[in-house]
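Structure at a glance
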Amino acid sequence: MNREEILRAQEKSLAHLRSVYREDAETVIADARYGFISGLLTEAMRKPAIERRTISDLIDKVLINRWLGIPIFLALLYGVFQFTFTVSVPLMDWIDEGFGWFADQATTISPEWLGSFIGDGIFGGLGSVLVFVPPIFLLFLALAFLEDCGYLARAAFVMDRLMHRIGLHGRSFIPMMLGFGCNVPAIMATRTIENPKDRLTTILINPFMSCGARLPIYILFAGAFFTAHQGLVVFSMYAMGIILAIIMGLVFRKTLLRGPSGHFVMELPPYRLPTITGLVVHMWERGKVFLVRAGTIIFAAVVLIWLLDYTGALEPIGRAIAPIFSPAGFGQWQAAVALVFGLLAKEVVIGTFGTLFTGAEELGGLGDVIGFDLGWTALIAFAFMAMTLIYVPCMAVIGTIRRETNSWKWTVFVIGYTLVLGWIVATLIYQIGSLFT
Amino acid sequence: MRMAKEITIALAGNPNSGKTTVFNNLTGARQHVGNWPGVTVEKKEGTCRYQGYAIKVVDLPGVYSFTAYSIDEVVARNFVVEEKPDAVVDIVDASNLERNLYLAVQLMEMGTRLIVALNMMDQAESRGYKIDVPQLSYLLDVPVVPMVANRNRGTQELLEEIVKMADGEVQPRKFRLDYGREVEEEIAKLEELISQDDELSQRYSPRWLAVKLLEGDEEVVKTLRATKE
Amino acid sequence: MPTKLLSELKSKEKGKIAKVGGGGSIHRRLLDMGLVSGSEIEVERVAPLGDPMQVRIKGYHLTLRKEEAANIQVEVI
Ligand SMILES: Nc1nc2c(ncn2[C@@H]2O[C@H](COP(=O)(O)OP(=O)(O)OP(=O)(O)O)[C@@H](O)[C@H]2O)c(=O)[nH]1
Ligand SMILES: [Mg+2]
């Protein structure tokens, strides 16, 4: 057989070359290629005698400095959220008032069911989600800046050691950062990770990185229940996600996905000043996904919820599920319904509350209304926020996990373990917190 | 009306060299661009019409060589090696020429119809690199187009070269890198055996395959094992 | 010329690559990225937590762990 002969000849040649060069043939070949290139470049390119130190090099002297690297990284993360938060609040109030006004007008529409549909369903449900366009878009803008300026690779460099400790990889850090935008592209980005176990672990923990769709939930509840420390509470949700990701990464690497982690060899691109158009295009492309979702799946969910509520079918469903969440403090049927429909997309959690609680109320007070009607305390709100962070990623992410792992087993596993973990964490928060209040 | 002639070109190159930026310029698409290696992880197709050609442009994930390790790299490798586009445009970072040309050399060895797009000329200039483009093109014996893709410079010139190549005005020349006597002897032996295999030698350049075998390329070894009739 | 492992070099130390060892995929990865013998290499810095390190090779910046850098012998200059 010729092919076997070829492979046999290959082995003979390799052995022969190794004995001649005392080196693998691949080294000899790579040397020859690079030799050819440097010969060619001496004729086709001139470099200054001393390499110019670029601005990029100077920036790195500070940003990934031995001592400043980590504080700067943390400060940047905090800055991203602070920026998102501060700039978006006035914009949100403005949109909020607009929707509130429309919802009020809708009450005068007859017949009564149509008025309710438009007021509660459309403006209440969908409006309550669309109010969060500014923070989501601004978050995407800030993340686009990190991506385009070249810092992302630096973050991986700074964090590799820590990631290595938990049996992962600096490379895994990039998908984690991307997860703050949306977990779908983040999970796709794991394709660059060579080692299959590194990659799978990175996929399994990615849903804990709070995506843009979870931000509205945090803002809503932090705004209503933690007026004095809103920013801090929102940030604590992100931090909780990161910590859980690290813990679970460690657990997986020690149990289901044992084995050595892959190499870390990565190039650092030069910093580039992002262009305004580039940033806006990025923000728009990612933000568009949110708007499309609002117009399709969130809209459909809100209509369904309104319909079930209007016909009285929603409450029994909620009541059947609610007791499960009693230990975590949010055992009301409305919360149960919100969590169930939130499986479609996390924004629907808000959309559900929006539909159920609008009435003629002004939307701005949605969080307050929830507190009043359900009797929630800050502690319960916090436990509920943790639950929405952790429990089952949205459908789009589940689909992506299925595709990228090519396995139903792992997909079902993610759904199961996040659900259980979410319940445990929320319950712990509520129970332990209750001891002190 | 004359039917548009259809050709497929692949955009290959090192990670972060500007492939997707060029792709967007050519096709008007808005694929995601970012300043870190590994932004594009799957192949993306788009079309572009130019001078009677319907050009199918394929944007690929970045690779440092055609020895693939990760999923995205396998995608890029397989498209260039197995699906054989009509031409490959290697997007090369001019400010990092030495390492970037490593892939170009491998593409030349494969016998692909190659155009080198010398991107990021702005960055090379700001570092004080003086690149003699005609000389580079002469030495490589392939068309070289200087570009600044993020400012959409050089797109027209690149299209001209693509069309010239499709018209058959520029013929790919046989490229042969001399690996030294000992290695060449082994290459010759393997090449001889490969040439006897009709199917293999029709699909791949025998010399390229021989070199790949000496590099211990697992994908190539796998192909040999798998297609064994 | 004294040779050292790249992983032993301190920040700002320079040298010429003498030999790239290590087997399998890491070896080839290093070759692909331009770490071939004769190339000049300079350690630019070490990450805040002590690993990985950043080097300059063929005019660009590369980061790799000390574990990987230990495959590379450098003639220090
Ligand atoms: N200065 C400069 N920057 C450029 C040029 N072309 C592209 N860029 C920038 O280089 C970065 C990388 O561009 P991409 O098009 O995403 O590169 P790619 O080759 O597709 O990268 P991967 O998909 O990761 O392999 C982006 O920040 C671009 O804006 C150029 O000619 N000059
Ligand atoms: Mg790309």
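Residues numbered from 1 in each chain as written. Chains lettered and ligands numbered in written order. Predicted model: local features only at pLDDT ≥ 70, side-chain atom pairs only at ≥ 80, totals over all residues. Heavy atoms only, no water.

Following the sequence through the fold, Gln202(B) ends up in helix H8 (residues 198–203). Spatially, the C-alpha atoms of Gln202(B) and Tyr50(B) are 31 Å apart, while their sequence positions differ by 152 residues. (Helix = DSSP H or I, 4+ residues; strand = E, 2+ residues; numbered from the N terminus.)

It is worth spelling out the pattern of salt bridges at this point. A complete count under the given rule lists 46 salt bridges over all chains for this structure. Here Arg29(C) makes a salt bridge to Glu73(B), at a shortest N to O gap of 3.1 Å. Pair noted here: Arg29(C) is in helix H1 (residues 24–32) and Glu73(B) is in helix H2 (residues 71–81), and the two residues belong to different chains. Assessed through its relative accessible area of 9%, Arg29(C) is described here as buried. Judged by relative accessible area, Glu73(B) falls into the buried class, the value being 5%. Salt bridges here are not isolated pairs; linked through shared partners, they connect Lys47(A), Glu51(A), Arg53(A), Asp57(A), Glu42(C), Glu44(C) and Arg56(C). (Salt bridge = Lys/Arg side-chain N within 4 Å of Asp/Glu carboxyl O. Buried < 20%, exposed > 50% of the residue type's maximum accessible area, 1.4 Å probe, protein only.)

We now examine the interface of chain C and chain B. Every contact between the two is made by eight residues of chain C and, on the other side, 14 residues of chain B. Summing both sides of the interface, chain C and chain B together bury roughly 1100 Å²; the carbon and sulfur share of this comes to 46%. It is Arg28(C), Arg29(C) and Asp32(C) that lose the most area in chain C upon contact with chain B, and together they represent 54% of the buried surface on that side. The partner of Lys58(C) in a salt bridge is Glu98(B), with the nearest N and O atoms 3.2 Å apart. In this structure, the connection of chain C to chain B is made through seven residue pairs in polar contact (both at pLDDT 80 or more). The class makeup of the residues in the side of chain C that touches chain B is two nonpolar, two polar and four charged. (Contact = heavy atoms within 4.5 Å. Buried area = accessible area lost by both parts, 1.4 Å probe. Polar contact = N/O pair within 3.5 Å; in protein donor to acceptor, adjacent residues only side chain to side chain. Nonpolar A, V, L, I, M, F, W, Y, C, P; charged D, E, K, R; others polar.)

This brings us to unusual backbone geometry. Across the junction of Asp51(C) and Pro52(C), the peptide omega takes the value -10°, indicating a cis bond. If you trace the backbone, Pro52(C) turns up in the loop between strand E3 (40–46) and strand E4 (53–57). The phi angle at Asn152(B) is positive, at roughly 55°, despite the residue not being glycine. Inspection of the secondary structure assignment puts Asn152(B) in the loop between strand E7 (144–146) and helix H6 (155–166). Residues other than glycine seldom take positive phi values, yet Lys58(C) does so here, at roughly 45°.

Bringing the state of the cysteines into the picture now. By definition, a disulfide links the sulfur atoms of two cysteine residues through a covalent bond. Per the counting criterion, the structure on display carries zero disulfides over all chains. Of all cysteine sulfurs, the one in Cys211(A) lies closest to Cys182(A), which takes part in no disulfide; the gap is 6.3 Å. (Disulfide = S-S within 2.5 Å.)

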